[in-house]
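# Examining the three-dimensional arrangement
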Amino acid sequence: MSKETWSIITIDFNWLLCRYVYTMNLKLTNHFQARFAERGINMDHVKSAIRTPDKTENIFDGKIKAIKKIDDQTIEVVYCKEGFKDRQNCYLLITVYYK
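Below, the structure is looked at part by part. These figures come from a predicted structure and were not determined experimentally.

Before going further, it helps to spend a moment on the overall build of the protein chain. Counting its regular elements, the protein chain contains two helices and six strands. The helix and strand sequence of the protein chain, counted from the amino end, reads β-β-α-α-β-β-β-β. Here the protein chain, with 99 residues, has 39% of them falling under the buried criterion. At a minimum sequence separation of 6, the contacts of the protein chain that also span at least 24 residues come to 38%. When the accessible surface of the protein chain is summed, it comes to about 6700 Å², and 51% of that surface belongs to carbon and sulfur atoms.

Now the structure itself:
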């Protein structure tokens, strides 16, 4: 069994929604960062897919696939939701692509 080394970058996003601030803490794996850049993905589309997906699928090992149609494209984001007592909206982003 091989060991993988992951470096994680944390990005905080804030949105003002109906007088409430919605904070997402996104952790990006190396794989996610590479696919994001390689495929020319729009970060607003990633955030929208996680925040308000059209459909979600539980895939394996606690991973979730968020699917969202945006304009003429469908974006799929695979992530794990990390639960911390002080952080409710923490996501480890694994991969992303347009279908």
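Right, let's get into the pattern of salt bridges. On inspection of all chains with the given rule, the structure shows six salt bridges. The partner of Glu 38 in a salt bridge is Arg 35, and the shortest N-O contact between them spans 3.4 Å. Pair noted here: Glu 38 and Arg 35 are both in helix α1 (residues 30-38), with a separation of three residues, about one helical turn. The exposure class assigned to Arg 35 is buried, which follows from its relative accessible area of 19%. Linking Asp 44 and Lys 47 is a salt bridge whose minimum nitrogen-to-oxygen distance equals 3.2 Å. Of the two residues, Asp 44 and Lys 47 are both situated in helix α2 (residues 43-51); the distance of three residues between them amounts to about one turn of the helix. Bridged by salt links that share partners, the residues Lys 55, Glu 57, Lys 65 and Glu 76 form one connected network.

The next subject is the nonpolar core. In globular proteins that are soluble, nonpolar side chains generally tend to be buried together. Judged by nonpolar contacts, the single largest core of 18 residues is most densely connected at Val 46, Ile 50, Ile 75, Val 77, Tyr 79 and Leu 93. Counting only elements with at least two residues in this core, the list comes to β2 (20-28), α2, β4 (63-70), β5 (73-84) and β6 (87-98). Apart from the residues within four sequence positions on either side, Ile 75 is in contact with Ile 41, His 45, Val 46, Ala 49, Ala 66, Ile 67, Lys 68, Ile 70, Val 96, Tyr 97 and Tyr 98.

The subject of this paragraph is the packing of aromatic side chains. With the rule as written, the count across this model stands at two aromatic pairs. Judged by centre distance (5.8 Å) and plane angle (20 degrees), the rings of Phe 32 and Phe 36 are stacked. Pair noted here: Phe 32 and Phe 36 are both in helix α1, with a separation of four residues, about one helical turn. In this structure Phe 32 comes out as buried when scored by relative accessible area, which is 0%. Centroid distance Tyr 79 to Tyr 91: 5.4 Å. Interplanar angle 80 degrees. Geometry classified as edge-to-face. Of this pair, Tyr 79 sits in strand β5 while Tyr 91 is found in strand β6, placing the two residues 12 residues apart along the sequence. Considered together, Tyr 79 and Tyr 91 belong to a single accessibility category, that of buried residues.

Here is what the cut-offs are and how they apply
- Residues numbered from 1 in each chain as written.
- Predicted model: local features only at pLDDT ≥ 70, side-chain atom pairs only at ≥ 80, totals over all residues.
- Heavy atoms only, no water.
- Helix = DSSP H or I, 4+ residues; strand = E, 2+ residues; numbered from the N terminus.
- Buried < 20%, exposed > 50% of the residue type's maximum accessible area, 1.4 Å probe, protein only.
- Contact = heavy atoms within 4.5 Å.
- Areas by Shrake-Rupley, 256 points an atom, 1.4 Å probe, with all protein chains shown as cover.
- Salt bridge = Lys/Arg side-chain N within 4 Å of Asp/Glu carboxyl O.
- Core = buried A, V, L, I, M, F, W, Y, C linked by side-chain atoms within 4.5 Å.
- Phe/Tyr/Trp six-rings, centres within 6.5 Å; stacked < 30°, edge-to-face > 60°.

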